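Spelled out, the chains give:
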Amino acid sequence: MKAMLAIISNALCRITGKNVLLIDLSEYISLTSPAAPTLAQTQRQPPKPPPGARVVVSRSFTDFTPQATFDIKQCDLHRLEEGPPLKAELTREQGLQYYRTMQTVRRMELKADQLYKQKIIRGFCHLYDGQEACAAGIEAAINRSDHLITAYRAHGYTYTRGVTIKEILAELTGRKGGVAKGKGGSMHMYAPYFYGGNGIVGAQVPLGAGIALACRYQGNNQVCVTLYGDGAANQGQLFESFNMAALWKLPCIFICENNRYGMGTSVERASASTDYYKRGDFIPGLRVDGMDVLCVREAAKFAADYCRSGKGPIVMELQTYRYHGHSMSDPGVSYRTREEIQEVRSKNDPITVLKERLLSNNMASAEELKDIDVAIRKEVEDAAQFATSDPEPPLEQLCNHIFCNNPPVEVRGTNPWSKLQSVS
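Okay, so let's go over this structure. All values reported here derive from a predicted model rather than from experimental measurement. (Residues numbered from 1 in each chain as written. Predicted model: local features only at pLDDT ≥ 70, side-chain atom pairs only at ≥ 80, totals over all residues. Heavy atoms only, no water.)

## Remarks on the packing of helix α3 (residues 92–117) against helix α4 (residues 132–141)
For clarity, the cut-off: Each axis is a line fitted through C-alpha atoms, and for a helix only the stretch in contact is used; angles between axes span 0 to 180 degrees, taken between their N-to-C directions. Every helix listed is a DSSP run of H or I at least four residues long, and every strand listed is a run of E at least two residues long, numbered separately from the N terminus. Geometric relationships in this document are graded by angle, where less than 35 degrees denotes roughly parallel, more than 145 denotes roughly antiparallel, 65 to 115 denotes roughly perpendicular, and other angles denote oblique. Note on convention: the crossing is left-handed when the near helix lies turned anticlockwise from the far helix by less than a right angle, right-handed when the turn is clockwise. What makes two residues a contact is simply this: any of their non-hydrogen atoms within 4.5 Å.
Two elements in contact, α3 and α4, have axes separated by 9 Å at closest approach and are oriented at 140°. Classified by the angle their axes make, α3 and α4 are oblique. By crossing handedness, the relation of α3 to α4 is classed as right-handed. Across the interface between the two elements, Tyr98, Thr101, Met102, Val105 and Arg106 from α3 touch Glu132, Ala133, Ala136 and Ala140 from α4.

## Remarks on the side chain of histidine 326
Inspection of the secondary structure puts histidine 326 in the loop between β12 (314–319) and α11 (338–348). Residues contacting histidine 326, with those up to four places away along its chain left out, are His126, Tyr152, Arg153, Met263 and Tyr335.

## Examining the sheet that holds strand β7 (residues 224–229)
Basically, it comes down to this: One requirement defines pairing of two strands: DSSP has to find at least two bridges between them.
Taken together, the six strands give an open sheet; going across it, the order is β4-β11-β12-β8-β7-β6, and neighbouring strands pair in mixed fashion. Each edge of the open sheet carries a strand with a single partner, namely β4 (76–78) and β6 (147–149). Pairwise comparison of adjacent strand axes, ignoring direction, gives a mean angle of 20° for this sheet. Packing of helix α7 (residues 204–218) onto the sheet brings it into contact with β6, β7 and β8 (252–258), and relative to β7 it is tilted by some 170°. Its contacts with the sheet put helix α8 (residues 236–247) on β7, β8 and β12, and the angle it makes with β8 is roughly 150°.

## With respect to the packing of aromatic side chains
Let me state the cut-off plainly: Stacked, tilted and edge-to-face are the three classes assigned to paired rings of Phe, Tyr and Trp, where Trp is represented by its six-membered ring and a pair needs centres within 6.5 Å; plane angles under 30 degrees give stacked, over 60 edge-to-face, the rest tilted. Here, over-ring charges are defined by two tests on the NZ atom of lysine or the CZ atom of arginine: distance to the ring centre within 6 Å, and angle to the ring normal within 35 degrees.
Inspection of every chain in the model, using the stated rule, returns five aromatic pairs. Connected via pairs of aromatic rings, a cluster forms that spans Phe239, Phe242 and Phe254. Above the ring of phenylalanine 386, the side-chain terminus of lysine 166 is found at 5.0 Å from the ring centroid. Against the face of phenylalanine 70 rests arginine 357, its NZ or CZ located 5.3 Å from the ring centre.

## A closer look at the nonpolar core
As a reminder, the rule being used: For the purposes of this section, nonpolar cores are sets of buried Ala, Val, Leu, Ile, Met, Phe, Trp, Tyr and Cys residues that join through side-chain atoms within 4.5 Å. Whether a residue is buried, partly exposed or exposed follows from its accessible area with a 1.4 Å probe, protein chains only, as a fraction of its type maximum: under 20%, in between, or over 50%, in that order.
Judged by nonpolar contacts, the single largest core of 69 residues is most densely connected at Ile138, Tyr157, Ile253, Leu286, Ile314 and Met316. Tallying contributions element by element places helix α10 (residues 293–308) first for this core, with 10 residues. Excluding residues that lie within four positions of it along the chain, isoleucine 138 makes contacts with Leu148, Tyr157, Val225, Leu227, Ile255, Val296, Ala300 and Leu318. In terms of nonpolar packing, the next biggest core, distinct from the first, is built from 19 residues, Val205, Leu250, Cys252 and Ile283 among them.

## Digging into helix α6 (residues 165–172)
The element α6 is extensively covered by neighbouring structure, given that six of its eight residues are classed as buried. Inspection of α6 places Ile165, Ile168, Leu169, Ala170, Glu171 and Leu172 among the buried residues, and these make up the whole buried set. Looking at the packing, one finds that the buried side of α6 touches α3, α5 (155–160) and α13 (366–389). Positive phi shows up at glycine 174, right after α6, with a value of about 75°.

## Here we look at a nonpolar patch on the surface
What counts is decided by this rule: Any residue with relative accessible area above 30% and no salt bridge may belong to a patch, with like charges joined within 9 Å and the nonpolar Val, Leu, Ile, Met, Phe, Trp and Tyr side chains within 5 Å. Using a 1.4 Å probe, accessible areas were evaluated by the Shrake-Rupley method; residue-level cover was limited to the displayed protein chains. Counted as salt bridges are all cases of a side-chain nitrogen of Lys or Arg within 4 Å of a carboxyl oxygen of Asp or Glu.
On the surface, Leu213, Met244, Leu247 and Trp248 cluster together into a nonpolar patch covering about 400 Å² of accessible area. Relative to the assigned elements, leucine 213 resides in helix α7. Under the relative-accessibility criterion, leucine 213 is labelled partly exposed at 36%.

## A closer look at unusual backbone geometry
Unusually for a residue other than glycine, lysine 249 sits at a positive phi of about 50°. Along the polypeptide, lysine 249 turns up in the loop between α8 and β8. We classify lysine 249 as partly exposed; its relative accessible area is 44%. The phi dihedral of methionine 263 falls on the positive side, at around 55°, and the residue is not glycine. With respect to the helices, strands and loops of the structure, methionine 263 is situated in the loop between β9 (261–262) and β10 (265–266).

## What about α8?
To keep things clear, this is the line we draw: In this scheme, a helix's expected span is set at 1.5 Å multiplied by one less than its residue total. The arc refers to the directions leading from the helix axis to the C-beta atoms.
With 12 residues, α8 should reach 16 Å at 1.5 Å per residue; the first-to-last C-alpha distance of 17 Å fits that figure. All buried positions along α8 are accounted for by Leu238, Ser241, Phe242 and Ala245. Summarising the axial view, the buried residues of α8 lie within an arc of 105°, below the 170-degree limit, and thus occupy one face. Of the residues in α8, the exposed ones pointing more than 90 degrees away from the buried face are Glu240 and Leu247.

## Focus on the pairing of β8
Definition in use: Crossovers are marked right-handed if the path from the first strand over the helix to the second runs clockwise, as seen with the strands pointing away from the viewer.
Across the seven residues of β8, seven count as buried, placing the element largely inside the fold. Every second residue of β8 is oriented toward a common face, with Cys252, Phe254, Cys256 and Asn258 on one face and Ile253, Ile255 and Glu257 on the other, all of them buried. Sheet topology places β7 next to β8; six bridges connect them, and they run parallel. Pairing of valine 225 across the sheet is with isoleucine 253, part of β8. The parallel pair β7 and β8, bridged by α8, forms a crossover whose chirality is right-handed. Alignment of β8 against β12, held across six bridges, turns out to be parallel.

Structure below.
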């Protein structure tokens with residue numbers, strides 16, 4: 001390393017005509033998690049450059065801490081003797097990936113907010129900003145071949161399941177380049193092993209149990225992650241699904257994303273018991289800090305391993321928070337204060353929590369994270385440009401992809417005499 005720096009330094013001197021000193025910082029930076037420095041370490045300093053020399057600091061990926069272990073919040077348990085670990089290992093690559101995923105979802109949702117206010121996106125639109133650690137942590141814990149189904153606040157999971165920003169935003173604007181060809185909108189996006197996006201409150205839960213039944217029937221060692229909100233937690237169909245899943249020991253992870261408000265009603269006003277992780281009664285459960293991506297990842301790993309072992313379903317409650325209102329028609333400040341929202345943003349934002357971990361443990365530099373932010377902004381802007389310029393699907397394709405057998409069925413249009421054919 002020192003010989004290489006000497007060669008580069010001599011070359012720069014010949015080019016610039018000035019004394020240039022390249023300093024190798026690798027021997028002054030620990031490559032493991034920071035420990036208490038010894039006296040010798042605190043006294044050791046890099047060499048001082050000669051007078052008049054210009055200093056160019058060289059830094060490569062080897063200067064960063066490749067892996068660190070973090071303490072995470074203990075989960076509350078129900079009918080479990082032990083829960084997820086209290087420490088989580090994080091590699092630099094994982095940390096950057098989680099940061100990139102959460103920041104992408106955040107920027108994408110903010111762009112959707114802007115397009116909605118410009119009346120380019122119309123209809124229902126439920127944004128996910130604030131809850132990014134839930135989607136990122138769950139995806140980091142399961143396999144790509146595992147299944148996931150959620151409610152109508154689905155943009156984040158659509159992205160983590162592999163759909164591009166361009167396809168998501170184009171679907172929101174109703175263009176043919178959207179993931180559902182512009183005919184699904186905000187609540188109805190799908191991908192392999194991802195079943196939406198469901199507009200009926202709680203209706204996805206029995207569907208998730210059915211997917212888990214298919215997994216058990218086929219014996220493929222897959223699990224189904226079935227998500228719902230605190231507002232749906234009092235639905236009768238949830239408890240019917242819990243009962244069947246327990247009877248048949250289905251590999252289903254029932255996850256309640258508790259963002260503290262069901263539409264405009266706080267959980268305390270809507271539920272006699274807000275311990276949603278205990279709602280399975282005879283099904284084990286755990287309550288997790290849903291604002292910490294590492295907590296979510298470790299808890300979801302624990303739950304997936306539990307289901308794969310043949311023990312049956314498990315219930316998780318992720319304590320999280322949404323920054324926007326329930327939907328774009330809800331300003332979000334009539335039932336909670338702006339100060340409450342700002343306090344969560346300043347003290348418990350999931351992206352900031354991860355960012356501080358990476359920076360304080362020398363796993364990334366501020367400049368590197370800023371470069372990621374700039375690249376994400378550009379990607380989102382490019383996707384928005386596509387979503388506003390791509391054409392809408394033509395009228396003759398309106399009824400296509402209705403599930404049916406051949407030959408194509410005829411679908412009545414706006415009057416009894418106009419007919420459209422459905423081609424699947």
